[in-house]
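# Residue-level structure breakdown
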Amino acid sequence: SVTVARCLQRYVVHRGAEIASGDQARIASFQILEAIGDIAVSELTIPVQQRLIASLRARGQSNGTVSRVLSVLRAALNRARYQGELTHAPHVIDVPKVTKKKRAATLKELAAFFDAIEDEHLARYLCLSLGTAARPAAILELTRDRCYVDGRYFEMNPIGRLQTKKYRPMIRMAECLVPMVEAVHFGPMVTKNDKPLKAIRSVWNRTRDRAGLPKDFTPYIIRHTVATWLRSRRVPFEEIEQFLGHRRNSTTEDYIHVDPTIQQNAAVAIDRLIEEIGRVATRPISRFPTACVTTAYQASTPRDLNRWKVVGATGIEPVTPTMST
């Protein structure tokens with residue numbers, strides 16, 4: 001009879017190289033076999049699956065992680081059925097996932113976090129996170145050769161990586177990020193001691209605690225914060241979807257490098273967001289050499305303040321020839 005181990009092995013070999021989550025599939029396969037052993041597929045009963053779930057939870061894994069492991073098991077069995085290796089794939093149960101209500105960080109929280117940063121690589125990460133609204137993995141995998149200063153855009157998806165449901169789009173580069181991008185000449189945009197990072201969570205949590213911020217101030221809060229900010233600045237909804245990768249648009253992919261109007265509203269709003277954070281922060285947000293951003297607020301000195309005009313309670317803009325000085 002066909003074993004669970006055989007189904008998992010063939011799934012990883014034949015599908016692992018084709019999907020972006022291939023490494024996670026291999027890890028999940030190991031955890032499954034460690035918990036239930038090399039049993040026959042016919043022995044994969046509900047009690048056995050419940051034993052697998054209990055084993056994963058005993059490791060401290062969340063329901064979301066447990067659900068992803070079970071999805072690998074389910075996919076491996078379904079593949080075996082489609083390939084004719086099984087006549088029937090047993091039902092694989094799932095666990096309830098807690099839906100956490102997303103919230104946006106306040107300007108005060110963002111400024112406090114900036115003030116508490118002591119690590120240059122975290123400052124660079126945060127600036128890129130605010131500037132791209134990308135997920136943590138996409139930012140940590142972003143390399144300098146995919147940051148096009150001349151065309152003012154980021155190509156978030158590495159060459160050769162297959163797109164997944166978590167689509168990585170091309171994103172217009174906000175002007176305030178240009179100095180930071182130019183400060184990095186090659187390799188990953190976020191490094192520590194010239195080495196790439198696989199995770200940002202530990203330094204993030206230390207900084208968050210130092211700033212006295214709540215536990216829900218995680219790296220993922222930035223993405224929702226940027227989305228909320230873009231909406232509040234009346235950026236068109238379709239443009240926000242493109243910026244976040246929720247809408248795949250061939251026009252964006254084909255012409256963003258030659259058409260500066262694509263996602264321009266979003267880029268201007270990002271400039272204003274970082275400007276407002278700098279206005280609230282008590283320490284310069286560009287105090288690190290390779291994490292420098294420029295904003296109208298920071299650029300203004302007593303000598304050139306007459307170049308800027310107040311436009312309401314939340315921003316300033318350059319004085320144009322048609323404006324009264």
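What counts as what
- Residues numbered from 1 in each chain as written.
- Predicted model: local features only at pLDDT ≥ 70, side-chain atom pairs only at ≥ 80, totals over all residues.
- Heavy atoms only, no water.
- Core = buried A, V, L, I, M, F, W, Y, C linked by side-chain atoms within 4.5 Å.
- Buried < 20%, exposed > 50% of the residue type's maximum accessible area, 1.4 Å probe, protein only.
- Helix = DSSP H or I, 4+ residues; strand = E, 2+ residues; numbered from the N terminus.
- Contact = heavy atoms within 4.5 Å.
- Expected span 1.5 Å × (residues − 1).
- Axes fitted to C-alpha atoms, helices over the stretch in contact; angles between N-to-C directions.
- Parallel < 35°, antiparallel > 145°, perpendicular 65-115°, else oblique.
- Left-handed = near helix turned anticlockwise from the far one by under 90°.
- Nonpolar A, V, L, I, M, F, W, Y, C, P; charged D, E, K, R; others polar.
- Phe/Tyr/Trp six-rings, centres within 6.5 Å; stacked < 30°, edge-to-face > 60°.

## Considerations on the nonpolar core
In terms of nonpolar packing, the biggest core is built from 61 residues, with Leu130, Phe154, Leu177, Val226 and Leu230 touching the most fellow members. Breaking this core down by element, the ones donating at least two residues are α5 (107–116), α6 (120–132), α7 (136–140), α8 (178–183), α9 (201–211), α10 (221–232), α11 (237–244) and α13 (264–280). The element contributing the most residues to this core is α6, with seven residues. Aside from chain neighbours lying at most four places away, what touches Phe154 is Leu128, Thr132, Leu142, Arg146, Cys147, Pro169, Met170, Ile171, Met173, Leu177 and Val181. Formed by 31 residues, the second largest nonpolar core is a distinct cluster that contains Ala35, Val48, Leu77 and Val92.

## Concerning α13
Spanning 17 residues, α13 covers 25 Å between terminal C-alpha atoms, matching the ideal 24 Å at 1.5 Å per step. Burial within α13 is extensive, with twelve of its 17 residues counted as buried. The complete set of buried residues in α13 reads Ala266, Ala267, Ala269, Ile270, Asp271, Arg272, Leu273, Ile274, Glu275, Glu276, Ile277 and Gly278.

## Quick look at the packing of helix α2 (residues 22–36) against helix α3 (residues 46–58)
How two helices sit against one another is set out by the angle between their axes and by the gap between those axes. At their nearest, the axes of α2 and α3 sit 9 Å apart, and the two run at 115° to each other. Judged by the angle between their axes, α2 and α3 are roughly perpendicular. The handedness of the crossing between α2 and α3 is right-handed. Touching Gln31, Ile32, Ala35 and Ile36 of α2 are Val48, Arg51, Leu52, Ser55 and Leu56, all from α3. For the contact of α2 with α3, the residue count by class is six nonpolar, two polar and one charged.

## Considerations on unusual backbone geometry
Despite not being glycine, Ala133 shows a phi value in the positive range, around 55°. Topologically, Ala133 is positioned in the loop between α6 and α7. With a phi angle near 65°, Arg234 is a residue other than glycine that sits in the positive phi range. Checked against the element boundaries, Arg234 lands in the loop between α10 and α11.

## Remarks on the packing of aromatic side chains
Applying the stated criterion to the full structure yields five aromatic pairs. Both rings, one in Tyr148 and one in Tyr153, keep their centres 4.6 Å apart while their planes meet at 20°; by these two values the pair is stacked. On the numbers, 5.6 Å between centres and 20° between planes, the contact of Trp204 with Phe217 is stacked. Highlighted residues: Trp204 in helix α9 and Phe217 in the loop between α9 and α10, separated in sequence by 13 residues. When its relative accessible area of 0% is taken as the criterion, Phe217 is described as buried. Here the aromatic cluster, defined as three or more aromatic residues joined through ring pairs, consists of Phe113, Tyr125, Trp204 and Phe217.

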